[in-house]
There are 2 protein chains.
Amino acid sequence: MWHEVEPRCVHELDDTDLEILELLGEDARRPYSEIADQVGMSGPGVSDRVDRLREAGVIERFTVDLDRSQIRGGSPVLVQVSDGGESVERLQEDLSSADAVEHVFVTAAGDLTFIARPPEGSVREWLDDRLDLGTVTVDVTLLDEVNWTPSIGGTAFALACAECGNTVDSEGEQETIDGDRYHFCCSSCRSQFVERHDRIAEEA
Amino acid sequence: MWHEVEPRCVHELDDTDLEILELLGEDARRPYSEIADQVGMSGPGVSDRVDRLREAGVIERFTVDLDRSQIRGGSPVLVQVSDGGESVERLQEDLSSADAVEHVFVTAAGDLTFIARPPEGSVREWLDDRLDLGTVTVDVTLLDEVNWTPSIGGTAFALACAECGNTVDSEGEQETIDGDRYHFCCSSCRSQFVERHDRIAEEA
DNA sequence: CCTGAAAAATTACGTGA
DNA sequence: TCACGTAATTTTTCAGG
């Protein structure tokens, strides 16, 4: 039994959660005790939070960021598929399970774009094997660099300003409107947001 | 007691390395002792290999795969920038450090494509802030799904078939041609590869 | 959520092939 | 060079509060 702690909804991330996520983004094998020091908690406390974040689905998995060019020789290509009335879901599934595919994006219009490293020298064959180039049109672009930015600059996971989307740091401000708490990076964003909110409320 | 170990260059990944990477891709916080059991090594042995893989740059970092939609509300967009003679490097750097940007791709032609989650309702503003829409032309596509596949199906890091690029599992076959060792996922890929190789050799 | 003890993992180091 | 075994250290897990 511990002192009353107001139950924290798993869907609301507080600043500590964000800090933990950022630290894990930098090095997922960092000991929880080290994280605990930085966020001012105990090791078990951090462990509990991480468990909750996993269960809530915020953390999908701990993984490793590899230099794939050292594993799979091919150059990365960006492929845009203009759907020929095919089943997008099946295609997406096929692609996701194909080894050379690194990212799959589905557009709101139902088209597919993906990043892959097909085997060198037989890119066309490789594409044809999974796309049937006779029925769909593809646009293939050779890439020079593929960059994933989980936390570059150490701020990627920080709270987002409700107005401009930028990072909310310690200089930030908060405001509770209609029971919802919003974060802002600066006072001008806050006033702009509040102003628009009031205007909309007035019109309604 | 073990059999003679031939010296292994750090730039050549053997099957054990690949297996370790795959296991780490599934769960980067998995204990090394557990990995050791699966690959038939001791805990310290796995630790040594991982250290070497990090130093070699194959492992760039241990990190966490997050459900970003739970952290940063905006919908993901794919933005293709048709370069207006601008400095690609600077733009790329700016974008990489922007909080809402998740991936940046540089094409061989020097164009930029990136995935981001700009603040809802002010996508155009957000874009203009970092791209100067007056001088560059952009193509923005709303995305429905963003899928990163470090190891879906648990086979993404396995050896690639020299013919089709797919995973080589225990059913796979190998063949040494002209001193180079090739891996294949099945006998048909192997025969097809050998056949083509012979034909090319004959023509030369 | 914290403390503190038990269990488990990681690291360091010496040795063998 | 690479990997193993053992021991020292650190970290995680699991009580109890």
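Described below are features of the structure shown in this document. Keep in mind that this is a model prediction, so the values were computed, not measured. (Residues numbered from 1 in each chain as written. Chains lettered and ligands numbered in written order. Predicted model: local features only at pLDDT ≥ 70, side-chain atom pairs only at ≥ 80, totals over all residues. Heavy atoms only, no water.)

1. Here we look at the pattern of salt bridges
All names here are of chain A.
Here's step 1: Here the structure, examined in full by the defined rule, presents twelve salt bridges over all chains.
Here's step 2: Ionic pairing is found between Glu102 and Arg117, a salt bridge with its closest N-O pair at 2.7 Å. Here the residue Glu102 occupies a position in strand β3 (residues 101-107), and Arg117 occupies one in the loop between β4 (112-116) and α5 (123-131), the gap between them amounting to 15 residues. Residues Glu102 and Arg117 agree in their burial class; the two are buried. (Salt bridge = Lys/Arg side-chain N within 4 Å of Asp/Glu carboxyl O. Helix = DSSP H or I, 4+ residues; strand = E, 2+ residues; numbered from the N terminus. Buried < 20%, exposed > 50% of the residue type's maximum accessible area, 1.4 Å probe, protein only.)

2. Topic: the interface of chain B and chain A
Here's step 1: Taken together, the contact between chain B and chain A spans 70 residues of the former and 70 residues of the latter.
Here's step 2: For the pair chain B and chain A, the summed buried surface comes to about 6,500 Å²; carbon and sulfur atoms form 49% of the total.
Here's step 3: The tally of links from chain B across to chain A stands at two salt bridges.
Here's step 4: For Arg61 of chain B, the salt bridge is made with Asp65 of chain A, and the minimal N-O distance between the two is 3.9 Å.
Here's step 5: Joining chain B to chain A, the criterion identifies 27 residue pairs in polar contact (both at pLDDT 80 or more).
Here's step 6: Elements with a minimum of two residues in the side of chain B that touches chain A: α1 (15-26), β1 (59-66), β2 (77-82), α4 (88-97), β3 (101-107), β4 (112-116), α5 (123-131) and β5 (137-148) of chain B.
Here's step 7: Where strand β5 (residues 137-148) of chain A lies against β3 of chain B, five bridges are found, and the strand directions are antiparallel. What sits directly across from Val146 of chain A, in β3 of chain B, is Phe105 of chain B. (Contact = heavy atoms within 4.5 Å. Buried area = accessible area lost by both parts, 1.4 Å probe. Polar contact = N/O pair within 3.5 Å; in protein donor to acceptor, adjacent residues only side chain to side chain. Pairing = 2+ DSSP bridges.)

3. Topic: the relation of the copies chain B and chain A
Here's step 1: The two copies are related by a screw motion: chain B maps onto chain A through a turn of 176° and a shift of 0.0 Å along the axis, at an RMSD of 1.0 Å. Expressed as an axis order, the relation between the two copies is that of a two-fold axis. Residue Thr63 of chain B of chain B places its C-alpha closer to the rotation axis than any other residue of that unit, at 2.7 Å.
Here's step 2: When you check the interface residues of chain B against chain A, 99% turn up at the interface there too, and the contact is symmetric in its surfaces. (Least-squares fit on C-alpha atoms with pLDDT ≥ 70 in both.)

4. Topic: the packing of helix α2 (residues 32-39) of chain B against helix α3 (residues 43-55) of chain B
Residues and elements named next belong to chain B.
Here's step 1: Taken N-terminus to C-terminus, the directions of α2 and α3 make an angle of 100°; their axes are 8 Å apart at the nearest point. In terms of orientation, α2 lies roughly perpendicular with respect to α3. Together, Tyr32, Ser33, Ile35, Ala36 and Val39 of α2 and Gly43, Val46, Ser47 and Val50 of α3 make up the contact between the two elements.
Here's step 2: Here the residues of the contact of α2 with α3 sort into six nonpolar, three polar and no charged. (Axes fitted to C-alpha atoms, helices over the stretch in contact; angles between N-to-C directions. Parallel < 35°, antiparallel > 145°, perpendicular 65-115°, else oblique. Nonpolar A, V, L, I, M, F, W, Y, C, P; charged D, E, K, R; others polar.)

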